[in-house]
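Spelled out from the first residue to the last, the chains are:
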Amino acid sequence: MRYRNSNMGKCLATKTIAQCAALFLFCLLPLKGICQTGESTVNTLVEMGFENVGWTEDGKERVYVLQNSAYRLNGVGIGKAVDIIQKMGLPDKKPCRVIVLDNNIPQISLYYKPIIGDSVPEASRRDWNVSYDLGGTWKEARKIGRKNSSLFKVDVVVYPEVSLKNLIITQIYQVLFNLSPAIEVSFWKGMKLTAQVVVPVYNDGYGRRADRVHPGFLTLQQTVRLPYNIWLTGTLGMFNAERYGGDLRLLHTFKDERFSVEGRIGLTATQRWDGFEWTYGTKTRMTWALGANFYYPHYNVQASLKVEQYLLGEKGVRFDLIRHFRYASIGFYAMKAEGASANGGFRFQVALPPYKYKRKGYIPRVTPSKNMGIAYNAGNEQYYYRGYRANPGENIMQNNSFNPYFIKSELLNF
């Protein structure tokens, strides 16, 4: 009996130790699961084609950082990333933030705060708040290592360009159609080098020079995000409208993110390409613009009013009203300058397929431009109201692609 009692006591002791060890390991599993879930979520996002992906966590929230390089439309790409994070990357009973980058510069953040009593699977796209506010953790999140860097990766972007003019009574339109591939690459945060060649495909009435292959945009651009939701973008190089020089643009959004102000100043001179023979002028011209914007989220309508100075030195006022859809942005404009008749018209941008694409390492990726569009000059004005663009991808649709209200509507409606 004593032997049996001793053995029973030994078995009980061993069983108790095993139970305690199992309980201890079980308590550690959630911590290990959180760590693995964050890392596995990053790996999944990288496999989907997202770039500059990383994550960090403190006692207050978990933060993911990513850049949409896999989907043509930012609303679609951000929605896909949110779906993955909801499925496998939300922390347990803790808020989660997703900071979205563009060329390594933070644009917006999406913030999810679980309600006490909710379980993780109940999270949906509707629960995320989209804002320009990056939260207090961005200072730490900016230091984390990121996977699938976008630096030194080359995009060959083919821009289709269509110009129409109606100056001859016997002909409805004279047409110029170009395909203009551009090499775009970033060597450091916020920087982009663009080198473009214009290849004429069809020229009816635009002159001999427009019928020859020649350089297009050749620019070096740098963007920085400053405190208080201020973005500053400087560009040097050769622009369109036969101008070269420098351009500086500033955008500031207010606490009520429906309102924003912007300013722009440029110092440029004339240039002209005849094939690859370049002639240039030395007399510079200053242009500037100062305006305010209002965004009506219910219909994704943007209204802007600007005071501007154009290339001929005339000063004027311009009003734009634009509605943004998922695959297009359509708007109207009106303008009046001193010494010139009032003018106006409409403009639109349409997203181009493919809507999903992926890089293969550092092999250059060839794609069409994200969108293309036309601005219609109803007054047929040929001399006044002239300006330039500092980048081939600068347009009304692209400028709105990170608007928090627009991204939220994409999360809710698609």
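Keep in mind that what you see is a predicted model, and the values were worked out from it rather than measured. (Residues numbered from 1 in each chain as written. Predicted model: local features only at pLDDT ≥ 70, side-chain atom pairs only at ≥ 80, totals over all residues. Heavy atoms only, no water.)

Across its full length, the protein chain holds five helices and 20 strands. At 27 Å, the protein chain has a C-alpha radius of gyration far larger than the 22 Å of a compact globule built from 414 residues. Principal axes of the C-alpha set define a box for the protein chain whose edges measure 120 × 40 × 40 Å. In the protein chain, buried positions account for 43% of the 414 residues. Put simply, 55% of the contacts in the protein chain that link residues at least 6 apart link residues at least 24 apart. Split by element, the accessible area of the protein chain, about 22400 Å² in all, is 62% carbon and sulfur. In the protein chain, 53 side chains carry a positive charge and 33 a negative one; their mean positions are 7 Å apart. (Helix = DSSP H or I, 4+ residues; strand = E, 2+ residues; numbered from the N terminus. Rg over C-alpha atoms; globule rule 2.2 N^0.38 Å. Buried < 20%, exposed > 50% of the residue type's maximum accessible area, 1.4 Å probe, protein only. Contact = heavy atoms within 4.5 Å. Areas by Shrake-Rupley, 256 points an atom, 1.4 Å probe, with all protein chains shown as cover. Lys, Arg positive; Asp, Glu negative; His and termini not counted. Charge placed at Lys NZ, Arg CZ, Asp CG, Glu CD.)

As paired elements, strand E11 (residues 243-253) and strand E12 (residues 259-274) share 11 bridges and run antiparallel to each other. Note that in E12 the partner of Gly 246 across the bridge is Leu 267. Linkage of E11 to E12, two consecutive antiparallel strands, is achieved through a turn of five residues. Looking at chain direction, E12 and strand E13 (residues 277-280) are connected through four bridges and run antiparallel. Looking at the pairing, Gln 271 lines up with Tyr 280 of E13. Where E12 folds back onto E13 in an antiparallel hairpin, the turn is made up of two residues, including Gly 275, whose phi is positive at roughly 70 degrees. (Pairing = 2+ DSSP bridges.)

What follows concerns the sheet that holds strand E3 (residues 96-102). Read from one edge to the other, the open sheet built from five strands follows the order E1-E2-E3-E4-E5, with strand pairing classed as mixed. Each edge of the open sheet is held by one strand with a lone partner, namely strand E1 (51-57) and strand E5 (129-131). Sheet twist, expressed as the average angle between the axes of neighbouring strands with direction ignored, equals 15 degrees. In the sheet, strand E2 (residues 62-67) pairs with E3 via six bridges, with the strands oriented parallel. The residue of E3 that forms the bridge with Val 63 is Arg 97. The sheet contacts of helix H5 (residues 404-413) involve strand E4 (105-112) and E5, and relative to E5 the element is tilted by about 155 degrees. (Axes fitted to C-alpha atoms, helices over the stretch in contact; angles between N-to-C directions.)

Before going further, it helps to examine the packing of helix H2 (residues 74-88) against H5. Between H2 and H5, the shortest axis-to-axis distance is 9 Å and the interhelical angle comes to 60 degrees. Considering their axes alone, H2 and H5 lie oblique with respect to each other. Crossing angle aside, the handedness with which H2 passes H5 is right-handed. Packed against H2, whose contacting residues are Asn 74, Gly 75, Val 76, Ile 78 and Gly 79, the element H5 presents Ile 407, Glu 410 and Leu 411 at the interface. (Parallel < 35°, antiparallel > 145°, perpendicular 65-115°, else oblique. Left-handed = near helix turned anticlockwise from the far one by under 90°.)

So, about the confidence of the model for the protein chain. Here the protein chain averages 91 in pLDDT, while 90% of its residues score no lower than 70. With pLDDT under 50 throughout, residues 1-12 is counted as low confidence; its partners more than four residues away or in other chains account for zero contacts. (pLDDT = per-residue confidence, 0-100.)

Judged by side-chain polarity, Val 162, Leu 164, Ile 172, Tyr 173, Phe 332, Phe 346 and Tyr 376 come together as a nonpolar surface patch covering roughly 670 Å² of accessible area. Summarising the element assignment, Val 162 is placed in strand E6 (residues 155-165). (Patch = residues over 30% accessible without salt bridge, like charges linked within 9 Å, V, L, I, M, F, W, Y side chains within 5 Å. Salt bridge = Lys/Arg side-chain N within 4 Å of Asp/Glu carboxyl O.)

With that out of the way, let us pick up the packing of aromatic side chains. Within this structure, the stated rule accounts for 15 aromatic pairs. With centroids separated by 6.2 Å and ring planes inclined at 40 degrees, the aromatic side chains of Phe 50 and Tyr 71 adopt a geometry described as tilted. Of this pair, Phe 50 sits in the loop between helix H1 (2-48) and E1 while Tyr 71 is found in the loop between E2 and H2, placing the two residues 21 residues apart along the sequence. Comparing Phe 50 with Tyr 71 shows no difference in burial state: the two are buried. (Phe/Tyr/Trp six-rings, centres within 6.5 Å; stacked < 30°, edge-to-face > 60°.)

With that settled, consider unusual backbone geometry. In terms of backbone geometry, most residues other than glycine have negative phi values and most peptide bonds are trans. The peptide bond linking Pro 353 to Pro 354 adopts the cis configuration, its omega dihedral lying at 0 degrees. Structurally, Pro 354 is set in the loop between strand E18 (343-351) and strand E19 (365-368). Unlike most non-glycine residues, Asn 103 shows phi in positive territory, near 55 degrees. Assignment of secondary structure puts Asn 103 in the loop between E3 and E4. Positive phi, normally seen in glycine, also occurs at Asn 380, with a value near 55 degrees. By the element assignment, Asn 380 lies in the loop between strand E20 (371-375) and helix H4 (396-399). The exposure class assigned to Asn 380 is partly exposed, which follows from its relative accessible area of 39%.

Moving on, we come to the pattern of salt bridges. Scanning the entire structure with this criterion turns up 21 salt bridges. Two residues, Lys 153 and Glu 51, come together in a salt bridge whose shortest N-O distance is 3.7 Å. With Lys 153 in the loop between helix H3 (138-141) and E6 and Glu 51 in strand E1, this pair connects stretches of sequence that are 102 residues apart. Neither residue differs from the other here; Lys 153 and Glu 51 are each classed as buried. Measuring nitrogen to oxygen at the nearest pair gives 3.4 Å for the salt bridge that ties Glu 262 to Arg 249. Placement of the pair is Glu 262 in strand E12 and Arg 249 in strand E11, with a sequence separation of 13 residues. With relative accessibility at 25%, the residue Arg 249 sits in the partly exposed group. Among the charged side chains, a salt-bridge network with shared partners connects Glu 51, Lys 153, Asp 155, Arg 359 and Arg 365.

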